[in-house]
Amino acid sequence: MKGKEGVAVINKIKKMIYILLGLLFMGIGVVGIVLPLIPTTPLLLLASFFFVRGSERFEAWFKGTSVYKKHLEGFIRHRSMTLRQKVTLLIFSDIMILIPLILSDSLIVKVILSLIIVYKYYYFIFKIRTVAVRGD
């Protein structure tokens, strides 16, 4: 394969991978609806990210699902989360960041990860509004 044909094949493969990743993260996000330890919102955001890059049809389909409308649409539209959503997300992400923070021997890595944690809390406290119940 040469030229335009090769690029077209590579682009199709990329789009397929994006769609598969979108489906994977949507599936895990749906599991997170039932299991409180798995943060639903960031996983659905990731799914949305991959669907946007994979296919307009899949993006439209995802945005039409009840999962999107119930768990993500309000966040995207109003930049707000319930306190429970924030706490669950912060705890899950803290655990994911603390693992390499503890295991790393590099001072630079530890400083960067610590700054990420501080910024994350700043962002969630001051940039994302906390609402009692999602009101769309």
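Above: the structure in question.
Residues numbered from 1 in each chain as written. Predicted model: local features only at pLDDT ≥ 70, side-chain atom pairs only at ≥ 80, totals over all residues. Heavy atoms only, no water.

> Just checking my understanding: could you explain the overall build of the protein chain for this structure?
Each helix and strand counted, the protein chain has seven helices and two strands in total. The C-alpha atoms of the protein chain give 18 Å as radius of gyration, which overshoots the globular expectation for 136 residues (14 Å, by more than 25%). Counting the 136 residues in the protein chain, one finds 32% classified as buried. Across the protein chain, contacts joining residues at least 24 apart in sequence account for 66% of those joining residues at least 6 apart. Here the protein chain has roughly 9,200 Å² of accessible surface; of this, 72% comes from carbon and sulfur atoms. In the protein chain, 19 positive and 7 negative side-chain charges are present, and the distance between their average locations comes to 2 Å. (Helix = DSSP H or I, 4+ residues; strand = E, 2+ residues; numbered from the N terminus. Rg over C-alpha atoms; globule rule 2.2 N^0.38 Å. Buried < 20%, exposed > 50% of the residue type's maximum accessible area, 1.4 Å probe, protein only. Contact = heavy atoms within 4.5 Å. Areas by Shrake-Rupley, 256 points an atom, 1.4 Å probe, with all protein chains shown as cover. Lys, Arg positive; Asp, Glu negative; His and termini not counted. Charge placed at Lys NZ, Arg CZ, Asp CG, Glu CD.)

> Even after reading the chapter, I still don't get the side chain of Thr41, so can you show me in this structure?
Structurally, the position occupied by Thr41 is in helix H2 (residues 40-54). You can call Thr41 buried: its relative accessible area is 5%. Discounting chain neighbours no more than four positions away, the residues touching Thr41 are His71, Leu72, Phe75, Met81 and Gln85.

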